[in-house]
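Here is what each chain is made of, one letter per residue.
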Amino acid sequence: MAAALRLSDLREQIDIHAIADSMYGLIGELYPICRSITGDGFRTTLKGIQAHIPLTIHEVPSGTPALDWTVPKEWNIRDAYVKNSKGERVIDFRQSNLHVLNYSVPVQQTMTLAELKPHLFSLPEYPDWIPYRTSYYKETWGFCLSHNQLMALPEDDYQVCIDSSLEAGSLTYAECFIQGQSDDEILISCHACHPSLCNDNLSGLALATFMAKALATVSTRYSYRFLFIPGTIGSITWLARNEGSLGRIKHGLVITCVGDPGNTTYKRSRRGEAEIDRAAENVLKNSGTEYEIVDFSPYGYDERQYCSPGFNLPVGGFMRSQYGRFPQYHTSADNLELVQPRYLADSFAKFLAIFDVLENNRTYLNLNPKGEPQLGRRGLYGSSGGASHRELNQMAILWVLNLSDGDHDLLAISERSGMPFEAIQYAAERLADGGLLKEVISR
Amino acid sequence: MAAALRLSDLREQIDIHAIADSMYGLIGELYPICRSITGDGFRTTLKGIQAHIPLTIHEVPSGTPALDWTVPKEWNIRDAYVKNSKGERVIDFRQSNLHVLNYSVPVQQTMTLAELKPHLFSLPEYPDWIPYRTSYYKETWGFCLSHNQLMALPEDDYQVCIDSSLEAGSLTYAECFIQGQSDDEILISCHACHPSLCNDNLSGLALATFMAKALATVSTRYSYRFLFIPGTIGSITWLARNEGSLGRIKHGLVITCVGDPGNTTYKRSRRGEAEIDRAAENVLKNSGTEYEIVDFSPYGYDERQYCSPGFNLPVGGFMRSQYGRFPQYHTSADNLELVQPRYLADSFAKFLAIFDVLENNRTYLNLNPKGEPQLGRRGLYGSSGGASHRELNQMAILWVLNLSDGDHDLLAISERSGMPFEAIQYAAERLADGGLLKEVISR
Amino acid sequence: MAAALRLSDLREQIDIHAIADSMYGLIGELYPICRSITGDGFRTTLKGIQAHIPLTIHEVPSGTPALDWTVPKEWNIRDAYVKNSKGERVIDFRQSNLHVLNYSVPVQQTMTLAELKPHLFSLPEYPDWIPYRTSYYKETWGFCLSHNQLMALPEDDYQVCIDSSLEAGSLTYAECFIQGQSDDEILISCHACHPSLCNDNLSGLALATFMAKALATVSTRYSYRFLFIPGTIGSITWLARNEGSLGRIKHGLVITCVGDPGNTTYKRSRRGEAEIDRAAENVLKNSGTEYEIVDFSPYGYDERQYCSPGFNLPVGGFMRSQYGRFPQYHTSADNLELVQPRYLADSFAKFLAIFDVLENNRTYLNLNPKGEPQLGRRGLYGSSGGASHRELNQMAILWVLNLSDGDHDLLAISERSGMPFEAIQYAAERLADGGLLKEVISR
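Note that this is a predicted model, so its numbers are computed, not measured. Residue numbers restart at each chain and count upward from 1, following the sequence in its written direction. Here every chain gets a letter starting at A, and every ligand a number starting at 1, in the order they are written. In keeping with the predicted nature of the model, local features appear solely for residues at pLDDT of at least 70, side-chain atom pairs appear and are counted solely at 80 or more, and the whole-chain, interface and lining totals rest on all residues. Hydrogens and water molecules were not included; the side-chain quantities draw on all heavy atoms of the structure.

## Details of the overall build of chain A
On a plain count of helices and strands, chain A comes out with 13 helices and 19 strands. Dimensions of chain A, computed from the C-alpha atoms along their principal axes, are close to 90 × 40 × 40 Å. Burial status follows relative accessibility: with a 1.4 Å probe on protein chains alone, a residue under 20% of its type maximum counts as buried, one over 50% as exposed, and anything between as partly exposed. Residues classed as buried in chain A amount to 61% of the 443 residues present. The contact criterion used is simple: two residues touch if any of their non-hydrogen atoms lie within 4.5 Å. In chain A, the proportion of contacts linking residues at least 24 apart, taken out of those at least 6 apart, comes to 81%. Residue-level accessible areas treat just the shown protein chains as cover; the underlying method is Shrake-Rupley with a 1.4 Å probe. About 16800 Å² of surface is accessible on chain A, with carbon and sulfur atoms providing 48% of the total. When charges are tallied, Lys and Arg are placed among the positive residues and Asp and Glu among the negative ones, while His and the ends of the chain are skipped. Here the site of a charge means NZ on Lys, CZ on Arg, CG on Asp, or CD on Glu. Taking the 40 positively charged and 52 negatively charged side chains of chain A as two groups, their mean positions are separated by 4 Å. What counts as a helix is a DSSP run of H or I of at least four residues, what counts as a strand is a run of E of at least two, and both are numbered from the N terminus.

## Brief notes about the relation of the copies chain B and chain C
Alignment of copies: least-squares fit on C-alpha atoms of residues with pLDDT of at least 70 in both copies. Least-squares fitting of chain B to chain C yields an RMSD of 0.1 Å, with the transformation described by 0.1 Å of translation along the axis and a rotation of 120°. Such a turn and shift between the copies fits a three-fold axis. When C-alpha positions in chain B are compared against the rotation axis, the closest is assigned to Glu 273 of chain B, at 13 Å.

## Points about the domain arrangement of chain A
Along its sequence, chain A is carved into domain 1 (7-71 + 170-360), domain 2 (74-167) and domain 3 (363-439). Relative to domain 3 of chain A, the C-alpha centre of domain 2 of chain A lies at a distance of 63 Å. These domain limits were set by an automatic method or by a database of domain assignments.

## Thoughts on unusual backbone geometry
Residue Asn 201 of chain A is reached from Asp 200 of chain A by a cis peptide bond, and omega for that bond is 20°. Within the element layout of this structure, Asn 201 of chain A appears in helix H6 (residues 198-215). The backbone of Thr 232 of chain B sits at a positive phi, close to 60°, despite the residue not being glycine. Position of Thr 232 of chain B among the secondary structure elements: in the loop between strand E12 (223-229) and helix H7 (233-241). Despite not being glycine, Asn 312 of chain B has its phi angle at roughly 50°, a positive value.

## What to know about the side chain of Arg 320 of chain A
With respect to the element layout, Arg 320 of chain A can be found in the loop between strand E16 (315-319) and helix H10 (341-360). Here a polar contact is recorded for every N or O atom pair within 3.5 Å, except that within protein the pair must consist of a potential hydrogen donor and a potential acceptor, and residues adjacent in sequence are included only if both atoms are side-chain atoms. For Arg 320 of chain A, the side chain forms a polar contact with the side chain of Asp 346 of chain A, separated by 2.8 Å.

## Some thoughts on the interface of chain B and chain C
Counting from both sides, the interface comprises 19 residues of chain B and, opposite them, 18 residues of chain C. Here the quantity called buried area is the total loss of accessible area, with a 1.4 Å probe, experienced by two parts when brought into contact, counted for both. A per-residue breakdown of the area chain B buries against chain C is headed by Asp 68, Pro 298 and Pro 309 of chain B, which together make up 36% of the total. A pairing counts as a salt bridge when a side-chain nitrogen of Lys or Arg comes within 4 Å of a carboxyl oxygen of Asp or Glu. Our count for the chain B to chain C interface comes out at 5 salt bridges. Across the pair Arg 270 of chain B and Asp 405 of chain C runs a salt bridge, and its minimum N-O distance is 2.8 Å. Linking chain B with chain C are 14 residue pairs in polar contact (both at pLDDT 80 or more). Residues are grouped as follows: nonpolar covers Ala, Val, Leu, Ile, Met, Phe, Trp, Tyr, Cys and Pro; charged covers Asp, Glu, Lys and Arg; every other residue, Gly included, is treated as polar. Its residues assigned to classes, the side of chain B that touches chain C comprises 10 nonpolar, 4 polar and 5 charged.

## Focus: helix H10 (residues 341-360) of chain B
Here the expected span of a helix is defined as 1.5 Å times the quantity of residues minus one. Taking 1.5 Å per residue as the helical rise, H10 of chain B with its 20 residues ought to reach 28 Å, and the 28 Å between its terminal C-alpha atoms agrees with that figure. Counting buried residues in H10 of chain B gives 17 out of 20 residues, a clear majority hidden from the surface.

## A look at the interface of chain A and chain B
Taken together, the contact between chain A and chain B spans 19 residues of the former and 18 residues of the latter. Approximately 1700 Å² of surface area, both sides summed, lies buried where chain A meets chain B, with 49% of it carried by carbon and sulfur atoms. For the chain A face of the interface with chain B, the top three residues by lost area are Asp 68, Pro 298 and Pro 309 of chain A, together amounting to 36%. Taken together, the links from chain A to chain B amount to 5 salt bridges. A salt bridge links Glu 243 of chain A to Lys 370 of chain B; the nearest nitrogen and oxygen atoms lie 2.4 Å apart. Applying the counting rule to chain A against chain B returns 14 residue pairs in polar contact (both at pLDDT 80 or more).

## Regarding the sheet that holds strand E19 (residues 437-439) of chain B
Residue and element names in this part refer to chain B. When DSSP locates at least two bridges between a pair of strands, those strands are taken to pair. On the basis of which strands lie adjacent, the open sheet formed by 3 strands has the order E18-E17-E19 and antiparallel pairing. What marks the edges here is a single partner per strand, and that holds for strand E18 (405-409) and E19. Ignoring which end each strand starts from, the neighbouring axes of this sheet average 35° apart. Two elements, strand E17 (residues 363-366) and E18, share 2 bridges in a ladder whose sense is antiparallel. The partner of Leu 365 across the bridge, within E18, is Asp 405. Axes, fitted as lines to C-alpha atoms, cover a helix only where it is in contact. Angles between the N-to-C directions of the axes lie from 0 to 180 degrees.

## Looking at the pairing of strand E11 (residues 185-191) of chain B
Residues and elements named next belong to chain B. Here E11 lies mainly inside the structure; 7 of its 7 residues are buried. Residue alternation in E11 divides its side chains into two sets, Glu 185, Leu 187, Ser 189 and His 191 and Ile 186, Ile 188 and Cys 190, and both sets are buried. By the bridge criterion, 7 bridges tie E11 to E12 in an arrangement that is parallel. Within E12, the residue paired with Cys 190 across the bridge is Phe 228.

## Considering the nonpolar core
For this analysis, a nonpolar core means a set of buried residues of the types Ala, Val, Leu, Ile, Met, Phe, Trp, Tyr and Cys, connected via side-chain atoms within 4.5 Å. Core analysis: the largest hydrophobic core is formed by 143 residues, its most contacted members being Tyr 224, Phe 226, Phe 228, Tyr 306, Phe 348 and Phe 355 of chain A. Ile 162, Ile 186, Leu 187 and Ile 397 of chain C belong to the second-largest nonpolar core, a separate cluster that totals 141 residues.

## What to know about the pairing of E16 of chain A
Residue and element names in this part refer to chain A. Among the 5 residues of E16, 5 are classified as buried, and the element is accordingly described as predominantly covered. By the alternation rule, side chains of E16 split into Val 315, Gly 317 and Met 319 and Gly 316 and Phe 318, which are all buried. When strand E13 (residues 249-255) meets E16, the two strands line up parallel, connected through 4 bridges. For Gly 252, the partnering residue across the bridge sits in E16 and is Val 315. Pairing of strand E14 (residues 264-267) with E16, which is carried by 3 bridges, proceeds in the antiparallel orientation. Note that in E16 the partner of Thr 265 across the bridge is Met 319.

## Focus: the packing of helix H2 (residues 16-30) of chain A against H10 of chain A
Residues and elements named next belong to chain A. At a closest axis distance of 8 Å, the pairing of H2 and H10 adopts a crossing angle of 115°. For H2 against H10, the interelement crossing comes out right-handed. Taking contact as the criterion, the partners of Ile 16, His 17, Ile 19, Ala 20, Asp 21, Met 23, Tyr 24 and Ile 27 in H2 are, on H10, Pro 341, Leu 344, Ala 345, Phe 348 and Ala 349. Here the residues of the contact of H2 with H10 are counted per class, giving 11 nonpolar, 1 polar and 1 charged. The sense of a crossing depends on the near helix, which, turned anticlockwise from the far helix by less than a right angle, makes the crossing left-handed and, turned clockwise, makes it right-handed.

## Observations concerning the state of the cysteines
Counting rule for disulfides: a pair of cysteine sulfur atoms within 2.5 Å. Under the defined criterion, the tally for this structure stands at 0 disulfides over all chains. Cysteine Cys 307 of chain A shares no disulfide, and the gap to the nearest cysteine sulfur, in Cys 190 of chain A, comes to 16 Å. Not part of a disulfide, Cys 176 of chain B finds its nearest cysteine sulfur in Cys 190 of chain B, a span of 11 Å.

## Topic: the sheet that holds strand E18 (residues 405-409) of chain C
All names here are of chain C. Spatially, E18-E17-E19 is the arrangement adopted by the 3 strands of the open sheet, whose pairing is antiparallel. Edge positions in the sheet fall to E18 and strand E19 (437-439), since each has one partner strand and no second. Ignoring strand direction, the axes of neighbouring strands in this sheet form an average angle of 35°.

## So, the pattern of salt bridges
The final tally for this structure, using the stated rule, is 84 salt bridges over all chains. A salt bridge links Arg 43 of chain B to Glu 59 of chain B; the nearest nitrogen and oxygen atoms lie 2.9 Å apart. One end of the pair, Arg 43 of chain B, is in helix H3 (residues 40-50); the other, Glu 59 of chain B, is in strand E1 (residues 56-61), with 16 residues separating them in the sequence. A residue is classified by how much of its surface remains accessible, and Arg 43 of chain B, at 17% relative accessible area, is buried. On the basis of relative accessible area, Glu 59 of chain B is assigned to the partly exposed category, the value being 35%. Linking Arg 268 of chain B and Glu 281 of chain B is a salt bridge whose minimum nitrogen-to-oxygen distance equals 2.8 Å. With Arg 268 of chain B in the loop between strand E14 (264-267) and helix H8 (275-285) and Glu 281 of chain B in helix H8, the pair connects residues that are 13 residues apart, well separated along the chain. Through salt bridges that share partners, Asp 40, Arg 43, Glu 59 and Glu 74 of chain A make up one connected network.

## A short note on helix H8 (residues 275-285) of chain A
Residues and elements named next belong to chain A. Burial within H8 is extensive, with 9 of its 11 residues counted as buried. Looking at H8, one finds that the buried residues are Glu 275, Ile 276, Asp 277, Ala 279, Ala 280, Glu 281, Asn 282, Val 283 and Leu 284. In the core, the buried residues of H8 are packed alongside E13, E14, strand E15 (291-294), H10, helix H12 (410-417) and helix H13 (421-433).

Right, here's the structure in full:
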């Protein structure tokens, strides 16, 4: 029987650009759908993902308590417009689903411009862009439009129509679970509730989908759980329903905005020095690209819930440009031009590298700790570092031997030595093969 | 019954410039008095303070043991001069009490310039200024004069007179105690023994006086104890007499040189990270003005005694220019021109702000720690930071909720979030009002 | 009976330049000898050292197990050359013992240039220099020569001769032990196995020799153990034979490359904050010269063995230019020109200063910890820092009193105050003489 493929092997074999193109294709396919935190748009999105990976879909009835919250009514929309007195659609949901204030209650009314204006939202600083706005927990209605469009509206009698429903139904979310050798889990969470916005967060959703697809082909140490959920209420609902088994989650990442040209940004978990934090920093430090590490703050996406003090899970945030820090954020300019396959490819590679570190991070004990072992007679001496990290590197051998005292995992040895994790891992594996190291199991 | 005024309210209502003018007035009034570590000059000074606040005055007899020291003889002086052979006072105590070496023993003698010179002190680097010198623990006599004056003295027979007494008497110091809700105390200590020097330390004495006056008008959590003492022997005597009750002192500040144009300087307590250290740093960091933080060193004023290893009290130093770091220090140029009301006002405002932080620093527990509570239905969502710190700030709400795990006091949350203490405090109070936080009492 | 001379006294009396000249003389004397990790060259070298200090010489038979290693066969060499067809020695061991690959097995053979070339080693980047190469654990033979020499070799039939022996014998090393008041030891280790290389490590060997000679003249608190050993196998053999008594070693230094113009470099022990690390950093910080502190790494000289995780001894590295960081390293340019007496003198002075700190570093308890003691009546007040560290310095007095709480040794007080160790030590001794401090013995 052939040995199972490991993640490290996968990383060398994978055609990252083909995957990035597929990710971009999925984004393009899901882009037109009008999603919200509940409703059929969310369900249709999950169907698109199911074309690539198996999903377990959960429906949680409106009114279900979830921690301090309650699952809201389900929202669906068929059409929405503002017509002028000539009957022309001057604002048209069919042109962009951003035109409607997300979660708008139904309305069917004729009114003057002055009456309409309090329901109109625009962005004066970017007059060509339509803003994205929501009103989940306050029942109202409204339209979003470009500031130029707003300025051009003449006095008139306007016919306003939002053909939506806000009724008892359910909240939908999906899980893709990949069983590993251990029941210890890595959680990957992405919000899938935003309508026609590509970076935020179709990019995250596509990255999660194709990562799950890739991981299913290899033998992993950890089990992986991918969540496709509505923001905030989704993670709160999931946490409420899985409170008893959160102990399985050893590491986690919230994925958002991973397709834009910005540098990769890692946001630390609330713990600050969790293994996921150290792994992500190690990968970015050795990536040869610019990157940013930011401390945890209680603002952002679903890490706010995973890292609330009562859970305090080791969950960090993986993104490129941060929420609210790029001008296109929450506007119609977050489109298929902003997101590009090469950035998706880069995010995918780094994301995979982080998992590879987690999969391989172990603590060893030097079985020959007094003096250096004689490496020469074991064929482990005289090799020197080459282009590939997989080549045995003499310094890596010495560092692993010196720091394998039970107090340093391989990540710590990589950090202390300044050498890439792969070089350290490879040295440790050769030393273990040679009987010079033994893994410390319980820690 | 109207709720008692809090310190925070006082800070908003107070007319800081009127207070600064009163401080400056008191300094002007006390400036001419010849003070020393004992004697009537010190007592007259306390009478000036008593016009503003109630004082308990202590007289400790000469010879009383105090820790490793002994209370010295009492020194008083009526007149001192050097007359030339024409009978003209060429050095005259009546023109400046700095002219006499403080604690000079009586002398009445005629001598040549050569005999006189070993008893004359001047400052060649500032030839117009009279230095301030003392000889507390070595019985001698002398005169201080400007270097120009010294250089101009011709050969002559000089009549030297110091009409002083050094006899058994007592050491005088005063306390102003303001009872708060708790018996836990904040200690404010200032040396009041220097003669005609304005910044060092009539400024500190005036700041303490008007701070005590202000605090007496509000309801405080802490009790406040203000000490007006002679330097070194005063704090040593006070410590010796109060050793049994030092446990009440939770925080303390030594106030010196708070009226000059230099930046506010905070000198950390020996502990380095005591709550007073964190509070002072927080206030200065958020003050919008330049400032300096210096580590504890065993040189300076009475913090040397409070922070000696056997006591190690959490007492820091609050000043503008540091002792010995401004040219006018311990010279006749430390006068009513160096000290100005606007600097006194700034010191007063910062000093008060530090107390406000200490009064309000608490540790809370988030009662809803799993996930974020739904703020919307409690009216706590959607507010954003405005001009006033008293306005509810959404980020402050999220930080307080996230870090109220029992391990972080509000100061720590302010530090971690980078937000002003007042914003954090206000958010915490609103959350506590809303039933989402509970104070952790014993810590 | 006169009080025994202390190290501090020695430092003031010593003629450092005379010692440096003697060190340089010893280096010149030992330079021509062909040393290796075993053999008569090593023994002859020890004889040269014995002219200055008493040595205990150990012979460990080939084949003896030593930790994970085995003592190798003994190597000796009488002559080696390559002759051209005219019988001229074109490579000649008698001109430089670097010409022979150290540990070459015997060979006697005629061959073409093409056959010879795989056995020739040169340094193209420094075409005038002969490289130093070894083959301790792989039985082969070779010659080292300048690249210019190599390039000039014509096609010819070459007569190759290495008149060496590699046979059962023994590994030689030596110890010089100086008994101090206590059995606690300071270990000084230097490798003495390199042939004609001056900085690496005749300089270290000369420094150790003359340091041992100097220390034998004073009364020390610690015992001192100097090791003259072959690199790697020597320290491994010594550790194996002394494993039971390693607990005596309180501090240690590996000395290498101490005679070149580079800045003094201290390489921290694996512990990183051992007393030896703090002492060395303190000395270098107060030396008034440029210096470098580098963290421990498992590459270098015998600190690799002393600091292996199973021993983890507090042993640092003392050097000027680091191994491998100066171009002359392991070439014929590491000669009597590279090493100069003035650098040896500087190394000697710093080395001695480190021992002086270790000898005098103590922890005291302030017997009068409440308030400052009255220094005036004890004659300890009013002194101020002068040119000499041996003069009583008022700030040093205050720092020692304030920090002598049992948690700070004198090194920590020097670090915290920023004052030189000698000033702190002198103040502590005066305070102890005055009954104000008591040494904390067990810690």
